[in-house]
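Geometric and topological summary
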Protein chains: 2
Amino acid sequence: MTESRPPAAPASATIATIADEVGVSVATVSKVLNGRSDVAPETRARVEESLERNRYRRRTKRQPTSTGQLDLVFHEFDSEWAMEIMRGVEAVTSAAGVGVTVSQLGGAHSPSAQWLDAVLARRPLGVLFVLCHLTEPQQQQLQRQLIPFVVVDTDSATSASVPTVGSNNWNGGLLATRHLLELGHRRVAIISGPQDVLCSRARAAGFQFAHDEAGLTVDPTLVRYGSFYVDAGYRHGMELLTRADRPTAIFAGSDMQAMGVLRAARQLGLRVPEDLSVIGYDNLPVAAWIGPALTTINQPLRDMAGTATHMLLDLARGVELSTSRIDLVTELIVRESTAPPPDHP
Amino acid sequence: MTESRPPAAPASATIATIADEVGVSVATVSKVLNGRSDVAPETRARVEESLERNRYRRRTKRQPTSTGQLDLVFHEFDSEWAMEIMRGVEAVTSAAGVGVTVSQLGGAHSPSAQWLDAVLARRPLGVLFVLCHLTEPQQQQLQRQLIPFVVVDTDSATSASVPTVGSNNWNGGLLATRHLLELGHRRVAIISGPQDVLCSRARAAGFQFAHDEAGLTVDPTLVRYGSFYVDAGYRHGMELLTRADRPTAIFAGSDMQAMGVLRAARQLGLRVPEDLSVIGYDNLPVAAWIGPALTTINQPLRDMAGTATHMLLDLARGVELSTSRIDLVTELIVRESTAPPPDHP
């Protein structure tokens, strides 16, 4: 697509010149820009195409008001994890007098055209994407309207131009696996998150690296991917723990997944940590309370959300970001669910 | 206050007559109505007083647009509980093409003037209050602007004129306690929610009623109140379970509180349910996964939130509600954490 486009016009297009070029009224161009649905799809496509070819940008920033709103969109409303993100965002926005419009994509990783239209129509100060991202044309639609956006915990290798706050997932995978290997485990399984999400692959790479540096080989049948929720942990846990050559330790992709593994272990009569070690990921508040309290990797979700919100408010004020990609530090939290393997001297 | 007010003027006041009466400009009255902060507090108080005395109401509804927003305000962002409410709201609003602006009061049960000003300024279609309520003057401020509101799971005996969706807490308390008494327990403790919240007292009343109908006396030292979060369950659980005459069963105010009780029991070497039965409240998704899986009272949080959202959207469209107070049904979910007491034949 990109290569076949005509050379970009100088960035001097106005709504009027776009309307002339397409042969529609100024009002129609304006409707498309504002995400209104009362434009015929074919007309809309031609206007979009012209806007993009002419690199149309709004001339003036939205007037800042005391009632500024930002949009926070989740891939999914998922357990306490999403609540931690909301707490981090809210701490910053309530201090700044900014409202937060929250939505979810029902598990999808990119928003629908309908969702984007609603955002364009309400003109937020900016948009925070959590574990989801925009397609390239969607990014252009927001950019045209000078609506900045920041991604929290990116699910894909987004381009360097998209401001992103995450945490060091590779390091998290390394720390968790090192801990298990140092305890003496030699058959360690990983159930990471979904395979199409970057953080899952980064953690699996850290898992692999920890084995490499210890001179150990990874059994590929012990590397699993699944959703971050409890049932995936339960299902993979059951499969792994009913094998004759079952692992002595499991590194789960989230604390919720780890709870599913713990349930599978209980049903099979395996004691944690005596017969099986389990590590979670995230360090949700609940991880400290379950039995056994979960050894886990702390992912500073509130800080990640707060940092991203500050970046977004800076962008909305026209402040240049000093850096567009921040990864916060992950760390190992040792609690009760890990111990040396049963046959360990 | 109410008695000393002069008789209400007929509801014919306009912004102009209010401005005349107070001796300020129309713009100033308008600013007060719209929650703007750039009005001197003394002037604002006089305008508020005149608006209230004249029973001022906006003449016309806000134009409905495709970009309608409603406000959802929580007493607190509290674990998976708040997430369940959000899921219920979002299922209705996303189908209706309505955005949701979410905020929390940081544990307070009534919003601050600043919070209300922000809401007045953004003019939502309506406001959903979760486990919190407005003071009488705050209600008047919203009513003046024709912004409807609905309360989910009220924390107080709100007047019948405030539309409210809750669940039958008294019945929940009764069902949980009956279950324990029928299993043979005779020393049953209750840790309810905060004492100043209506649902906590309703559950405690159901607990009392179940004892009464079984001809049993409640030991008042076994009736506790605390926050809905885990640490309150842990603290009360420790106190109750280290007594020489410890209860054989504990009915907790939430699933999170029950997890705190389970942790206290583990630390004291008490097995659940062999040595101690525990019942939670809410039936959060996580309750089914912890060990032992929690017997609990199902509170249909998503349905409550969805019903309240439908009511609010009806009110915003000017539809009369057929009923202003709905309590959904609670039910007992028996899982693994309850059994007959240890000395039971």
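Residues numbered from 1 in each chain as written. Chains lettered and ligands numbered in written order. Predicted model: local features only at pLDDT ≥ 70, side-chain atom pairs only at ≥ 80, totals over all residues. Heavy atoms only, no water.

**Focus on the pairing of strand 5 (residues 164–167) of chain A**
All names here are of chain A. Side-chain alternation along strand 5 places Thr164 and Gly166 on one buried face and Val165 and Ser167 on a second face that is also buried. Where strand 4 (residues 149–152) meets strand 5, two bridges bridge the pair, whose relative direction is parallel. Each bridged residue has a counterpart across the sheet, and for Val152 the counterpart in strand 5 is Val165. In this sheet, strand 11 (residues 325–328) lies alongside strand 5 in parallel orientation, the contact comprising four bridges. Bridge assignment links Gly166 to a residue of strand 11, and that residue is Asp327. (Buried < 20%, exposed > 50% of the residue type's maximum accessible area, 1.4 Å probe, protein only. Helix = DSSP H or I, 4+ residues; strand = E, 2+ residues; numbered from the N terminus. Pairing = 2+ DSSP bridges.)

**Brief notes about the pairing of strand 6 (residues 188–192) of chain B**
All names here are of chain B. Among the five residues in strand 6, five count as buried, and that is most of the element. The two faces of strand 6 match: Val188, Ile190 and Ser192 on one face and Ala189 and Ile191 on the other face are all buried. Where strand 6 and strand 8 (residues 249–252) come together, four bridges link them in parallel fashion. By the bridge assignment for strand 8, Ala189 is matched with Ile250.

**Here we look at the relation of the copies chain A and chain B**
Mapping chain A onto chain B calls for a screw motion: a turn of 180 degrees about the axis and a shift of 0.1 Å along it, with 0.1 Å RMSD after fitting. Put plainly, the chains are arranged around a two-fold axis. Of every C-alpha in chain A, the one belonging to Thr101(A) sits nearest the axis of rotation, 2.0 Å from it. When you check the interface residues of chain A against chain B, 100% turn up at the interface there too, and the contact is symmetric in its surfaces. (Least-squares fit on C-alpha atoms with pLDDT ≥ 70 in both. Contact = heavy atoms within 4.5 Å.)

**Section: the layout of surface pockets**
Computed from the structure, the second largest pocket encloses a volume of approximately 550 Å³. Sorting the residues of the lining of the second largest pocket by element identifies helix 4 (79–96) and strand 2 (99–104) of chain A together with strand 2 (99–104) and helix 5 (113–122) of chain B as the ones contributing at least two each. Residues that form the lining of the second largest pocket fall into these classes: nine nonpolar, 15 polar and five charged. (1 Å grid on protein atoms, 1.4 Å probe; cavity = no way out; pocket = protein on both sides within 12 Å on 5 of 7 lines; lining within 4 Å. Points joined across faces, edges and corners; volume = space filled by probe spheres on them. Nonpolar A, V, L, I, M, F, W, Y, C, P; charged D, E, K, R; others polar.)

**Overview of the sheet that holds strand 9 (residues 277–279) of chain B**
All names here are of chain B. The four strands lie next to each other as 7-6-8-9, forming an open sheet whose pairing is parallel. Pairing within the sheet leaves two strands with one partner each, and these edge strands are strand 7 (223–225) and strand 9. Each strand axis lies, on average, 15 degrees off the axis of its neighbour in the sheet, ignoring direction. Both strand 6 and strand 7 contribute to a ladder of three bridges, which runs parallel. (Axes fitted to C-alpha atoms, helices over the stretch in contact; angles between N-to-C directions.)

**What to know about the interface of chain A and chain B**
Often the size quoted for an interface is simply the accessible area lost on bringing the parts together. Listed per partner, the contact involves 35 residues of chain A and 35 residues of chain B. Interface area, chain A with chain B, both sides summed: about 3,100 Å², of which 61% is carbon and sulfur. Linking chain A with chain B are two salt bridges. Of the charged contacts in the structure, one is a salt bridge between Glu336(B) and Arg263(A), with a shortest N-O distance of 2.7 Å. Linking chain A with chain B are 20 residue pairs in polar contact (both at pLDDT 80 or more). Looking at the side of chain A that touches chain B, the elements with two or more residues in it are helix 4, strand 2, helix 5 (113–122), helix 9 (230–241) and helix 10 (255–267) of chain A. (Buried area = accessible area lost by both parts, 1.4 Å probe. Salt bridge = Lys/Arg side-chain N within 4 Å of Asp/Glu carboxyl O. Polar contact = N/O pair within 3.5 Å; in protein donor to acceptor, adjacent residues only side chain to side chain.)

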